[in-house]
Structures are given as C-alpha cells and as structure tokens.
Amino acid sequence: MPWKNGGGVTRELAVHKEGGRMVWRLSLAEIAQSGPFSAFPGLARIHCVVEGAGHTLSNDSTQLEARPLEPLCFDGGTNLDCRLRDGPCRAFNVIYDPTQVTAEPKVLAEGPVPDAEGRQVLFVVSGSVEMAGTDRLGPGEGVVTESAVSAVITGGGAVIQVRFLPV
C-alpha cells in the first residue's frame, strides 16, 4: 500500500483494532529515496531498519539515527525528513495508540526466546524461529501471539520482539 504521504510503499503485516479504532499496526516499509517521513499525529512509533545501511530522520530540533537492528521509539506525529545513509533500506514499523497500549521492542539473537506474558509479536529478520506446535518461521515471517511461547532462534538469527502491554 502507498505511504500516507505518497513517498513510498509499505506492506501491512498485521493490524489490531478495538471498537473500530486502530490499537496497533505492523508493517514493512521499502525506503528507496530520501524525502518526507509520514507523520501519524496522536500515535507512537517504533522503527527498525532490517535491510540496508539505514538513514537519518530529522527536523530543525530533532535528529534520530536509524541503524540496522536498533529500534527507534518516537512520537509518530513528529514531522521528519528521511535522508538515506547509503542506498535503499527496508524497515519494520510498529505504529500504535499510546492511550491504549505501550509497546516494548527488543532485538533477540540466537537461543531461547524469553518468556513474555501478554500479546507479543516475533518478526524474523534472519535465521529462523522454531516454535513448539507450529512450523519453523523464516526471514520475513512472523507471528502475533497472546501468551508466552516456547520458541528458539536458530541459524545465527535475529528476531524483533515487540510486547504490547495495556496502559
């Protein structure tokens, strides 16, 4: 789908709504050129580069460095410009309503996925995740689960975990 500002495209991965209102949305954005970054007033944002060298998000008073596998958490309503560091990149995004949930990102390496109660997302960047009772998840795949999972990251993998907690 096109970006809100029309400057690129994103693949929506999952959306959770309550009462017709978005609580959170997960997406994978293709950032092919420098330019304005979409603003989402009233929402919070997590942005994590999963391919490429990353970019800088800035305005007159803010400068955020988006580097590979380093989640950035910021106000989604902030007007920012994006300047690519060294060519195109791809980023995993979480946009959420901070009046309804908080979101905690972590990048996990090879080994057991830590227990986490409540709703969580696992997005495989590299390697794989083997989950008890399900198939193996590979790069670009993920799962939203409502409870702790028994899972192991293998193959030198990197996985983005986002926990959603009620406010």
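Right, let's walk through the structure included here. (Residues numbered from 1 in each chain as written. Predicted model: local features only at pLDDT ≥ 70, side-chain atom pairs only at ≥ 80, totals over all residues. Heavy atoms only, no water.)

For the structure on display, the rule yields three aromatic pairs. Here Phe37 and Phe74 contribute two aromatic rings whose centre-to-centre distance is 6.5 Å and whose plane-to-plane angle is 40°, an arrangement assigned as tilted. Taken together, the residues Phe37 in strand 3 (residues 35–37) and Phe74 in strand 7 (residues 72–75) connect sequence positions 37 residues apart. Side by side, Phe37 and Phe74 carry an identical accessibility label, which is buried. Both rings, one in Phe92 and one in Phe123, keep their centres 4.7 Å apart while their planes meet at 20°; by these two values the pair is stacked. One end of the pair, Phe92, is in strand 9 (residues 89–96); the other, Phe123, is in strand 11 (residues 119–131), with 31 residues separating them in the sequence. A residue is classified by how much of its surface remains accessible, and Phe92, at 2% relative accessible area, is buried. (Phe/Tyr/Trp six-rings, centres within 6.5 Å; stacked < 30°, edge-to-face > 60°. Helix = DSSP H or I, 4+ residues; strand = E, 2+ residues; numbered from the N terminus. Buried < 20%, exposed > 50% of the residue type's maximum accessible area, 1.4 Å probe, protein only.)

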